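# Coordinate inspection notes
Each chain, letter by letter, is given below.
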Protein chains: 2
Amino acid sequence: MAILEFWYEFASTYSYPAAMRIEQLTSEKAVEVKWCPFLLGPIFKGLGWDSSPFNIYKSKGAYMWRDMQRICDECGLQFNRSQIFPQNGLLAARLALAVRSCDRPEFTRQVYLAQFAGGKDIGDLKVLETILDKMNIDPATTLIVSGSDKIKTALRHNTDKAQEKQIFGAPSFITPDGELFWGNDRLEQAVAWCVR
Amino acid sequence: MAILEFWYEFASTYSYPAAMRIEQLTSEKAVEVKWCPFLLGPIFKGLGWDSSPFNIYKSKGAYMWRDMQRICDECGLQFNRSQIFPQNGLLAARLALAVRSCDRPEFTRQVYLAQFAGGKDIGDLKVLETILDKMNIDPATTLIVSGSDKIKTALRHNTDKAQEKQIFGAPSFITPDGELFWGNDRLEQAVAWCVR
């Protein structure tokens with residue numbers, strides 16, 4: 001079974017529809033998804049940006065919010081612009097690596113929904129604890145694991161790996177033969193590439 | 001008949017497949033295209049860029065060239081990366097405004113084909129003269145018109161208008177009700193928006 005790597009950052013708006021859509025699209029083609037959370041911050045720093053390019057370039061930012069609304073309308077997703085952008089996704093990313101890999105997709109979707117449908121702050125531990133709790137995952141234990149050296153290293157490793165793979169934004173998709181696709185709008189193409 | 005504004009810059013890679021595809025897509029939906037050449041340079045300068053972002057951000061640039069190849073392969077367009085990027089599209093843009101509006105679409109396509117299929121330098125007057133000549137448009141007269149104050153002002157006007165309309169990249173599409181869509185990958189959506 002072909003494995004499509006799905007590289008996402010929790011603060012990334014366009015990663016939200018990608019996370020919500022990917023399993024439907026891949027399951028239709030018998031493609032498996034590897035969920036790879038990483039941090040865009042260090043990559044953006046390398047490009048000379050100290051914030052999201054959507055904040056630095058105002059017209060691009062205004063366009064993105066409108067575009068996101070249209071995309072969410074089209075695929076039937078709620079979209080509430082949160083007050084803070086970009087949010088701090090560090091804790092969410094560590095928790096995503098701390099839960100069992102079979103729980104990672106659902107945890108990821110719930111974090112995106114909390115942020116972009118619920119308008120909640122995912123930098124707030126309570127928001128993340130509520131998600132874990134609802135998924136019947138013990139928040140206290142998971143939080144301890146998420147702060148371990150093992151998980152911290154795993155997230156740093158993912159971020160380094162993303163950079164090595166020439167990833168410069170999220171969501172990004174990498175096919176088994178190494179093709180890089182960037183953006184929610186390239187998801188269908190990336191899935192098709194896996195089975196061509 | 002709904003009119004879709006098509007804003008393009010001759011140096012823009014992604015404007016090439018858009019220019020080649022737009023009339024097929026719009027004619028299917030009985031939408032008319034208004035061809036609006038403009039210059040991205042002044043807009044990029046406003047964003048703090050002194051070159052194409054694809055040159056400034058290397059990983060983004062490498063991705064764009066690969067993405068362009070995939071897009072052209074998929075829609076059956078030749079793609080030869082020209083040596084110079086971005087090319088100087090000033091003269092081509094002025095000529096596009098100097099020809100009759102009914103000749104603008106074909107002239108535009110021929111300039112893109114010369115650059116991105118033929119690998120030619122569209123800053124070279126001879127390349128543009130050959131295109132005009134093949135279209136049975138008198139190069140000498142058109143060149144004189146293209147250098148007139150009227151045409152220079154028209155191009156400046158287009159560039160100012162693009163900026164007013166919050167355009168920050170090319171290709172961009174604007175629907176009759178003012179929706180902005182950015183990118184060749186949003187062309188289908190822009191056309192659909194005109195007739196929804």
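What comes next concerns the included structure. (Residues numbered from 1 in each chain as written. Chains lettered and ligands numbered in written order. Predicted model: local features only at pLDDT ≥ 70, side-chain atom pairs only at ≥ 80, totals over all residues. Heavy atoms only, no water.)

### Remarks on the relation of the copies chain B and chain A
When chain B is fitted onto chain A, the two copies agree to an RMSD of 0.0 Å after a turn of 180° and an axial shift of 0.0 Å. These values place the two chain copies in the arrangement generated by a two-fold rotation axis. Minimal C-alpha separation from the rotation axis in chain B is found for aspartate 185 of chain B, amounting to 3.8 Å. When the interface residues of chain B are mapped onto chain A, 100% of them are again interface residues, pointing to one common binding face. (Least-squares fit on C-alpha atoms with pLDDT ≥ 70 in both. Contact = heavy atoms within 4.5 Å.)

### Thoughts on the packing of helix H1 (residues 15–28) of chain B against helix H10 (residues 187–194) of chain B
Axis angle and axis distance: for two packed helices, these are the angle between their axes and the distance between the axes, and together they describe the pair. Residue and element names in this part refer to chain B. Across the interface, H1 lies against H10 with an axial gap of 10 Å and an inter-helix angle of 30°. One finds that H1 runs roughly parallel with respect to H10. The way H1 lies across H10 gives a crossing that is right-handed. When H1 is examined against H10, the residues Ala18, Arg21, Ile22, Leu25 and Thr26 are found in contact with a partner set consisting of Leu187, Glu188 and Val191. Of the residues contributing to the contact of H1 with H10, the split by class is five nonpolar, one polar and two charged. (Axes fitted to C-alpha atoms, helices over the stretch in contact; angles between N-to-C directions. Helix = DSSP H or I, 4+ residues; strand = E, 2+ residues; numbered from the N terminus. Parallel < 35°, antiparallel > 145°, perpendicular 65-115°, else oblique. Left-handed = near helix turned anticlockwise from the far one by under 90°. Nonpolar A, V, L, I, M, F, W, Y, C, P; charged D, E, K, R; others polar.)

### A look at the interface of chain B and chain A
One frequently used descriptor of interface size is the decrease in accessible area upon assembly of the parts. Opposite the 22 residues of chain B that make contact, chain A presents 22 residues. For the pairing of chain B and chain A, the buried interface totals around 2200 Å² over both sides, and the portion due to carbon and sulfur atoms is 51%. At the junction of chain B with chain A, the criterion picks out eight salt bridges. Joining chain B to chain A, the criterion identifies 15 residue pairs in polar contact (both at pLDDT 80 or more). Only helix H4 (58–74), strand S4 (180–182) and H10 of chain B provide two or more residues apiece to the side of chain B that touches chain A. Sorting elements by how many residues they give to the side of chain B that touches chain A places H4 of chain B first, with eight residues. In terms of residue class, the side of chain B that touches chain A is made up of 11 nonpolar, three polar and eight charged. (Buried area = accessible area lost by both parts, 1.4 Å probe. Salt bridge = Lys/Arg side-chain N within 4 Å of Asp/Glu carboxyl O. Polar contact = N/O pair within 3.5 Å; in protein donor to acceptor, adjacent residues only side chain to side chain.)

### Comments concerning the sheet that holds strand S4 (residues 180–182) of chain A
Residue and element names in this part refer to chain A. Taken together, the four strands give an open sheet; going across it, the order is S2-S1-S3-S4, and neighbouring strands pair in mixed fashion. The sheet is open, and its two borders are formed by strand S2 (32–37) and S4, each paired with just one other strand. For this sheet, the mean inter-axis angle between neighbouring strands, taken without regard to orientation, is 20°. Of the strand pairs in this sheet, strand S3 (residues 172–174) and S4 are connected by three bridges, and their pairing is antiparallel. Its bridge partner lying in S4, isoleucine 174 is registered against leucine 180. (Pairing = 2+ DSSP bridges.)

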